[in-house]
There are 2 protein chains.
Amino acid sequence: MKYDFTYYNPTRIHFGKESLSELKGELGLYGDNVLLMYGKGSVKRTGIYDKVNDILSACGKRVTELGGIKPNPSYSQVLEGARLVRENGIDLILAVGGGSVIDCAKAVSVAAYCDGDAWTKYWIDFEEPTGRIVPVGSVLTMAGTGSEMNGGSVITNEEVMLKNGRVFPSSVYPKFSILNPEFTYSVPEYQMVSGIFDTMSHLMEQYFSGDDDNVTDYLLEGLMRSLIVSAEKALENPNDYEARSNIMWAATMGLNTVTGVSKTQDWEVHMIEHQIGAYTDCAHGIGLGVISVPYYKYIYKYGIKKFVRFAHNVFDIEISTVSDDETALKGIAALGDFIKKLGIPDNLRAIGVTEEMLKPIADSCVTGGGYYEMRAEDILKVLEAAF
Amino acid sequence: MKYDFTYYNPTRIHFGKESLSELKGELGLYGDNVLLMYGKGSVKRTGIYDKVNDILSACGKRVTELGGIKPNPSYSQVLEGARLVRENGIDLILAVGGGSVIDCAKAVSVAAYCDGDAWTKYWIDFEEPTGRIVPVGSVLTMAGTGSEMNGGSVITNEEVMLKNGRVFPSSVYPKFSILNPEFTYSVPEYQMVSGIFDTMSHLMEQYFSGDDDNVTDYLLEGLMRSLIVSAEKALENPNDYEARSNIMWAATMGLNTVTGVSKTQDWEVHMIEHQIGAYTDCAHGIGLGVISVPYYKYIYKYGIKKFVRFAHNVFDIEISTVSDDETALKGIAALGDFIKKLGIPDNLRAIGVTEEMLKPIADSCVTGGGYYEMRAEDILKVLEAAF
């Protein structure tokens, strides 16, 4: 733990089959006015909406609704939520859904009583929130983003065509999150896989940087091993409770900041995928899966010791007596096999990228990286290799 | 994650070389009256006491002192602290020291305004605390117990000759803990080793139980791997900052409850050591080290799959094609080698146990366990094997 850090995570997690029964106790800590936020309607089809509403009614809450939150939540929806919070004297924002709904709920929580334009203040100038922050709670229905136990909030401003993400401090983290793995059963396989690989990528982005030896990297290896084992089980049987519950908890642990302490990090795969997503609207985790192998093949030489360690500690590959390159490349190949098993394509064409898009995508990415500082021309080479 | 759980840990950790500089900000959150608790004087010799006092003075705090907290903090010291809290209108209890001082500070925090006899209420009847709880903060000077980020409090009532431990809810956790690995440099090697093996034992006690597959066991494996690597480095060079910082963080993570979620657990090694300690006053981690191998040899057959996994995932032992017993026993032997490298003796005689003590120790242990339910006669066999 070479680098100093502060760790503080005050989200209370209720996890398991019976976890929704904890909602009543949590609601008792707040006033009567609740803003209920949810997405495009799947929570109504699955009955989770009704279950939550029944508890809200039983607790005598006055509920204001804001449904239809988009997969990429828009700033206009944030402003709509902020208006509802002020007009109805909202005491608690309850997000029921996946990461998008929770990201949007956090945005509403800081925008409602923001002095000035919230977009400029929080998603352009990245200021710390001041003034009243309305508490947020969540009932999670999709595993992957980790938003249920952190300060992340990615918002798209459609007027200016910008999708900006930021991490708010702990005052904006959900006060509580209810994680029932059974609530994720109804997610389509494509979305489940996207969430799994989003989690895998979060772990690798934190892992592949630095030449220090620290506890955090060992925790990341453990989470990757567990995720890989459970992902394969969940693909065989999506109703395997143990597998789905492991995937859900690995996703939460993987981005609740504890797996990032005292670490330099990479995040360039996410930067590239953001721009692929901007051009194709592909699912985030799928885009990450398509470019990961070409990206790691491009950079592994600059952090070869870590890639050898990855091969051995995550994929149980014997360390080659011939060369570190051999071990490292076997590890990346094993990652490729995992991606293939997940059913994620191995080329950008399959997710709607055309040859003409490659250069514009490369030129629009935020540059940076872990073991190697990627410039636009490097990114273009990775995209060509992935094409 | 087969079993439902609630996870909530509100301790704010400041970690690293410069972490003491965060004390000023923390003190600003509380009133002027501080009870400063510390142990037998090592914090004065090392200068940490002066550094903390300088910050308290600069913040204009009125400081009441309670020094001389014993390695096994006594209930009479708890009552003394409680009286000082009431008489001086204490706003914050600041524990500077190892787990004993922090355990005692938590006890004072709930005893000060306890309605009735605190010993009976909290350490006999294990009631949840009611009424005012005085906030506790800590500056940690020894790694091992994990008390800096949990609700544990072991207190010895000398009048009735009972040493009882309990885990308080999160309202009693330290509000903040300052972890500077350099503050652990001055701990004698014997104490450092005791802390390392205490941590290793916490991890194994949580690990060796259950036949489920869960994320938590993978995290435990990662922590064990990291601890073993760093322990060997710290033995070679006690001033290896990276090694000491990893040991400190592994100790905190290893008992901050996240490594126990959704797990059945064992803890019988701790139960046996408590009684060995009662008879010999040996250092806790040393006692744990002496009995661990005989204990695991006695029970491994009942959880053999987990012991095979331990051998492979923690000690990198190849899985035998001959028998699971071979792999499992190789893993236990590797644990024995680690204990030997730490310089912990392999027999009870070396820590002052006599043959006459064996039966009384066995008969006085709290029975139980993980893969096998230990009765007094089983414990006696383990003690005889360890003798």
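Residues numbered from 1 in each chain as written. Chains lettered and ligands numbered in written order. Predicted model: local features only at pLDDT ≥ 70, side-chain atom pairs only at ≥ 80, totals over all residues.

**Observations concerning the overall build of chain A**
If you tally the helices and strands in chain A, you get 15 helices and 8 strands. The C-alpha atoms of chain A give 21 Å as radius of gyration, which agrees with the globular expectation for 387 residues (21 Å, within 12%). Across its three principal axes, chain A shows a C-alpha extent of roughly 70 × 45 × 45 Å. For chain A, the proportion of its 387 residues judged to be buried stands at 54%. A fraction of 78% describes how many contacts in chain A between residues 6 or more apart in sequence connect residues 24 or more apart. (Helix = DSSP H or I, 4+ residues; strand = E, 2+ residues; numbered from the N terminus. Rg over C-alpha atoms; globule rule 2.2 N^0.38 Å. Buried ≥ 20, exposed ≤ 12 C-beta atoms within 10 Å, placed from the backbone. Contact = placed C-beta atoms within 7 Å.)

**Examining the pairing of strand β2 (residues 33–38) of chain A**
Residues and elements named next belong to chain A. With 5 of its 6 residues buried, β2 lies for the most part within the structure. Looking at chain direction, β2 and strand β3 (residues 62–66) are connected through 5 bridges and run parallel. Note on β3: the bridge partner recorded for M37 is L66. In this sheet, strand β4 (residues 92–97) lies alongside β2 in parallel orientation, the contact comprising 5 bridges. (Pairing = 2+ DSSP bridges.)

**Observations regarding the relation of the copies chain B and chain A**
Under the fitted operation, chain B is carried onto chain A by 0.0 Å of movement along the axis and a turn of 180 degrees, and the coordinates agree to an RMSD of 0.0 Å. Taken together, the rotation and translation describe the operation of a two-fold axis. The share of interface residues of chain B whose copies in chain A are also at the interface is 100%, consistent with both copies meeting through the same surface. (Least-squares fit on C-alpha atoms with pLDDT ≥ 70 in both.)

**Thoughts on the sheet that holds strand β2 (residues 33–38) of chain B**
With mixed pairing, the 12 strands of this open sheet are ordered in space as β3(A)-β2(A)-β4(A)-β5(A)-β8(A)-β1(A)-β1(B)-β8(B)-β5(B)-β4(B)-β2(B)-β3(B). Each edge of the open sheet carries a strand with a single partner, namely β3 of chain A together with β3 (62–66) of chain B. For this sheet, the mean inter-axis angle between neighbouring strands, taken without regard to orientation, is 25 degrees. The pairing of strand β1 (residues 5–15) of chain B with strand β8 (residues 176–179) of chain B spans 4 bridges and is classified as parallel. Residue pairing in the sheet places I13 of chain B in a bridge with S177 of chain B of β8 of chain B. Docked against the sheet, helix α3 (residues 48–58) of chain B engages β2, β3, β4 (92–97) and β5 (136–140) of chain B, running at close to 155 degrees with respect to β4 of chain B. (Axes fitted to C-alpha atoms, helices over the stretch in contact; angles between N-to-C directions.)

**Examining the confidence of the model for chain A**
When pLDDT is averaged along chain A, the result is 96, and 100% of the positions lie at 70 or above. Reported for the predicted complex are a pTM of 0.97 and an ipTM of 0.97. (pLDDT = per-residue confidence, 0-100.)

**What to know about the nonpolar core**
Within the largest apolar cluster, 243 residues are counted, with the highest numbers of intra-cluster contacts made by M37, I93 and V96 of chain A together with M37, I93 and V96 of chain B. Beyond its immediate chain neighbours, meaning those up to four positions away, V96 of chain A contacts L36, Y38, V43, I48, Y49, V52, V101, V139 and T141 of chain A. (Core = buried A, V, L, I, M, F, W, Y, C linked by C-beta atoms within 7 Å.)

**Focus on the domain arrangement of chain A**
All names here are of chain A. When cut into domains, chain A gives domain 1 (12–183) and domain 2 (189–386). Taking the mean C-alpha position of each, domain 1 and domain 2 sit 28 Å from one another. By residue class, the composition of the side of domain 1 that touches domain 2 is 7 nonpolar, 4 polar and 2 charged. (Domains from an automatic or database assignment. Nonpolar A, V, L, I, M, F, W, Y, C, P; charged D, E, K, R; others polar.)

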